[in-house]
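# A structural walkthrough
These are the residues of each chain, in order.
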Amino acid sequence: MALYAGRPVREMVREAEAIRDRLQRVEGVNKAQVLGERQKRMHLDFDLARLQSLGISPQAVFAAIEAHNRVAILAQWIHDTWGHLHPGRRLDTATALLREECAAGGVPSVFAALHGDTPVGTASLVADDMSDRRDLTPWLASVFVRPGWRGRGIASRLVQRVEDEAQAHGVEHFYLYTPDQQPLYRRLGWRDIEARDYRGETVTIMRRLFSPLS
């Protein structure tokens, strides 16, 4: 089965993984794999005089490159931590998906906790995070804090930032799933709605309810 380009990377990957998941539930099918992902490379070549004529400083270019590199760091964390839930998804694909989620605000959005210029944590607000529960949307996803920075309330502040973003865009309820962080989210006002197996892992789907900001 082939899927053709012309649509956002996230949409193509989600569809391919959903098809793979359905195939793996067919009797007699031992393995289904997503193939054809291509590594991406970026080469920069710019003229300082041309940048100056456009009113763009070299510092602005370097800042944009630094932000680009931060996304790569966050994607590495996410891939290392939850890649087992997406077998066959390579790091470059995970990075491309995360870049697509770096929108101007609302759904989707990606947030990073920084110490100076160094990322120490991340969290996202996405339209879907569970391939067979498209009826639930949007989702708090990819909450991660580097080990050396845990226990300082960073995860809670990241969750609150995502909640603020959701509320600011009129979201009245949203979801998450977790295998082991239920106590943290319950303290933050989340409630269990379903316990289930998802791609070989026992998880709890939780929901956060609030009124939209006026």
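Presented here is a report on the structure given in the accompanying data block. (Residues numbered from 1 in each chain as written. Predicted model: local features only at pLDDT ≥ 70, side-chain atom pairs only at ≥ 80, totals over all residues. Heavy atoms only, no water.)

### Some words on the pattern of salt bridges
Taken as a whole and assessed by the stated rule, the structure comprises 9 salt bridges. Asp135 is the salt-bridge partner of Arg133, the closest N and O atoms lying 2.9 Å from each other. The exposure class of Arg133 is buried, given its relative accessible area of 19%. Given a relative accessible area of 53%, Asp135 falls into the exposed group. Through salt bridges with shared partners, one network takes in Arg133, Asp135 and Glu194. (Salt bridge = Lys/Arg side-chain N within 4 Å of Asp/Glu carboxyl O. Buried < 20%, exposed > 50% of the residue type's maximum accessible area, 1.4 Å probe, protein only.)

### A few points about unusual backbone geometry
For residues besides glycine, phi is generally negative; the peptide bonds are generally trans as well. The omega angle of the peptide bond from Val107 to Pro108 is 5°, so this bond is cis rather than trans. Relative to the elements of secondary structure, Pro108 occurs in the loop between helix H4 (91-101) and strand S1 (109-115). Of the consecutive residues Thr137 and Pro138, the connecting peptide bond is found in the cis state with omega at -10°. One can find Pro138 in the loop between strand S2 (118-126) and strand S3 (139-145). Phi is positive for Ser142, close to 55°, though the residue is something other than glycine. With respect to the element layout, Ser142 can be found in strand S3. (Helix = DSSP H or I, 4+ residues; strand = E, 2+ residues; numbered from the N terminus.)

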